[in-house]
Amino acid sequence: METVNFDGFLFEKNKLKEFGFKGSPLTYTQKIQNDELLLTIVIKDQKLQIKVEDEKSLELYTLYQTSAKGPYVDCVRNTIRDLLEKLRQTCTIPAYFEKKLPHMVLDYIKAKYDVEPEFLWEKFPDYCIFRHRNNEKWFGLLMEILASKLKIQSKEPIQVIDLHIPKEGADDLLQEKGIYPGWHMNKKTWISLVLDGTLTDETIQKLIEESYQATLS
């Protein structure tokens, strides 16, 4: 069987069953190419495997996995590609929903800017950045750090988002409770917002927008 990676996404069991998956492990079958081939998809432990075999002889058909060209093999390849994309769109959720991340921030950035979080560091799997598509500049860094790193009198971890700000606005913002000099960033142009309820959603969203605009060019 061919293994296909859906990196960054998690399968939802209920939606897979609605799609047509059955049994254990969850298995989906579909006849393709005028019923000449049988396509089987198996999902187990968040891993997806594909098998294509001749409907009559049950011999494996693997030509689509090669660089072979032609109307028949191209059609098989496109059918599988389209089915996998439909599966991703209807039966998965982004993997970050399994992490302990503040959904308000994620949902706002996705809805307003159509930007997904990027998890860049294996050593820090819960750290993620948000950046512009056109210039790749960061406008946000979401992470969980020890409160003491912001000189807060606590040994507990807290969630923060680092945002870019104009230099002239830093002093006033740093007077507000819940806003600190940017952790791990240039403290003249970045601030850290604690995501513990101290700041209102409206304040956080306003500052995200300011960071987004400040890094447009």
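Residues numbered from 1 in each chain as written. Predicted model: local features only at pLDDT ≥ 70, side-chain atom pairs only at ≥ 80, totals over all residues. Heavy atoms only, no water.

Asker: Teacher, can you tell me more about the overall build of the protein chain here?
Answerer: Helix and strand counts for the protein chain come out as 5 helices and 11 strands. The C-alpha atoms of the protein chain give 23 Å as radius of gyration, which overshoots the globular expectation for 217 residues (17 Å, by more than 25%). Oriented by its inertia axes, the alpha-carbon framework of the protein chain measures out at about 75 × 35 × 30 Å. Counting over 217 residues, the protein chain shows a buried share of 38%. Summarising the internal contacts of the protein chain: among those between residues at least 6 apart in sequence, 46% fall at separations of at least 24. Summed over its atoms, the accessible surface of the protein chain is roughly 13,200 Å², and 49% of this surface lies on carbon and sulfur atoms. (Helix = DSSP H or I, 4+ residues; strand = E, 2+ residues; numbered from the N terminus. Rg over C-alpha atoms; globule rule 2.2 N^0.38 Å. Buried < 20%, exposed > 50% of the residue type's maximum accessible area, 1.4 Å probe, protein only. Contact = heavy atoms within 4.5 Å. Areas by Shrake-Rupley, 256 points an atom, 1.4 Å probe, with all protein chains shown as cover.)

Asker: Explanation requested: the confidence of the model for the protein chain in the structure shown.
Answerer: In low-pLDDT regions, the fine details of the predicted coordinates are not to be read closely. For the protein chain, per-residue confidence averages 91 on the pLDDT scale, and 98% of positions sit at 70 or higher. When pLDDT is averaged over each element of the protein chain, strand β3 (residues 26–32) comes out on top at 97 and strand β6 (residues 92–94) at the bottom at 81. (pLDDT = per-residue confidence, 0-100.)

Asker: Honestly, the sheet that holds strand β11 (residues 190–194) in this entry has me stumped. Any pointers?
Answerer: Strand-to-strand pairing in sheets goes through backbone hydrogen bonds, with the strands running parallel or antiparallel. Pairing is antiparallel in the open sheet, where 5 strands are placed in the order β7-β8-β9-β11-β10. The open sheet has two free edges, formed respectively by β7 (128–131) and β10 (179–181), since each of these has just one partner strand. Strand after strand, the sheet turns through a mean of 25 degrees between neighbouring axes, direction not considered. Taken together, the 7 bridges between strand β8 (residues 138–146) and strand β9 (residues 157–164) define a ladder with antiparallel strand orientation. Directly across from Leu146, in β9, lies its bridge partner Pro157. Its contacts with the sheet put helix α3 (residues 103–113) on β7, β8 and β9, and the angle it makes with β8 is roughly 175 degrees. Across the face of the sheet, helix α5 (residues 201–214) comes into contact with β8, β9, β10 and β11 while running at roughly 40 degrees to β9. (Pairing = 2+ DSSP bridges. Axes fitted to C-alpha atoms, helices over the stretch in contact; angles between N-to-C directions.)

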